[in-house]
Amino acid sequence: MLDRRSFILSVGTAALTNTSIAEAAPSATADTVAAPASGAPEALLTLTPKEAALLTALVDRLIPADDLSPSASQCGVVTYIDRQLAGAFGAGARLYLEGPFRPNAPAVFGYQSAMTPLQLVQAGAAELDDWSTAQRGKPIAALPAAELDPVLKDLEAGKITLGRVKATAFFEMLLQLTMEGFFADPIYGGNRDKAAWRMIGYPGLPATYAKAIRTHRGKRYEAEPKSIADFA
């Protein structure tokens, strides 16, 4: 598993351009459920409180709070995941789900499961919680951070057996949704206060900089990031 700085450097730009990072995990933003961003806690649309607590614990280890930004959940990543899973993406509207599938196919083969993304996340969360309770004596949300990092590494490496859900498939889906929620436009529920964009200096929606070139020639270009909502 990448450390946080490597993670940010390697995926930030790609996520902003809606490029699939983990190719086997489908991207959610094409079938998104958009809603106004908010700094307040959001009502869950499809996840249960227990599922949201598990995801909060995991995404906050992928992107913990530090001097670069707030944590993933503080940036609304769990809200983003909940909204995506509640819509067409969660239902697998654009995914082929009828098989046959190749369990160990390379990422270029794409999504390899009969489960919709919502089913995969919910089943994976339940099975991971069962595994954690059996192996660690506590559900995922109750584990200290120091115990969560090895769990994530073992998920990524496929060293944990969950049951119906392949550990690597659950990890790839979690990582993909976390990156999207952290870097996507705030209108989708994540990237609160454009924290990820401010961190990397991304200006957001405007794509025309002809005038800015004249006034910033030879100077660092710094601009207040603009979301889709800013132009609504």
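Bear in mind that the values here come from a model prediction, so they are computed numbers and not experimental data.

About the thresholds
- Residues numbered from 1 in each chain as written.
- Predicted model: local features only at pLDDT ≥ 70, side-chain atom pairs only at ≥ 80, totals over all residues.
- Heavy atoms only, no water.
- 1 Å grid on protein atoms, 1.4 Å probe; cavity = no way out; pocket = protein on both sides within 12 Å on 5 of 7 lines; lining within 4 Å.
- Points joined across faces, edges and corners; volume = space filled by probe spheres on them.
- Helix = DSSP H or I, 4+ residues; strand = E, 2+ residues; numbered from the N terminus.
- Nonpolar A, V, L, I, M, F, W, Y, C, P; charged D, E, K, R; others polar.
- Expected span 1.5 Å × (residues − 1).
- Buried < 20%, exposed > 50% of the residue type's maximum accessible area, 1.4 Å probe, protein only.
- Contact = heavy atoms within 4.5 Å.

Caption draft 1: Representation of empty space enclosed by the protein within the structure. Taken as a whole and judged by the stated rule, the model has 1 cavity of 30 Å³ or more. Roughly 30 Å³ of internal volume is contained in the largest cavity. Leu 55, Ile 81, Val 121, Phe 170, Met 173, Leu 174 and Leu 177 are the residues that line the largest cavity. If one sorts the elements of the lining of the largest cavity by residue count, helix H6 (residues 167-183) sits on top with 4 residues. Residue composition of the lining of the largest cavity, by class: 7 nonpolar, no polar and no charged.

Caption draft 2: Up close: helix H4 (residues 117-136). Over its 20 residues, H4 extends 27 Å from the first C-alpha to the last, a length consistent with the 28 Å expected when each residue adds 1.5 Å. Residues Pro 117, Leu 118, Leu 120, Val 121, Ala 123, Gly 124, Ala 125, Glu 127, Leu 128, Asp 129, Trp 131 and Ser 132 constitute the buried set of H4. Looking at the packing, one finds that the buried side of H4 touches helix H2 (49-62), helix H3 (77-86), helix H5 (145-157) and H6. Positive phi appears at Gly 137, one or two residues downstream of H4, with a value of about 85°.

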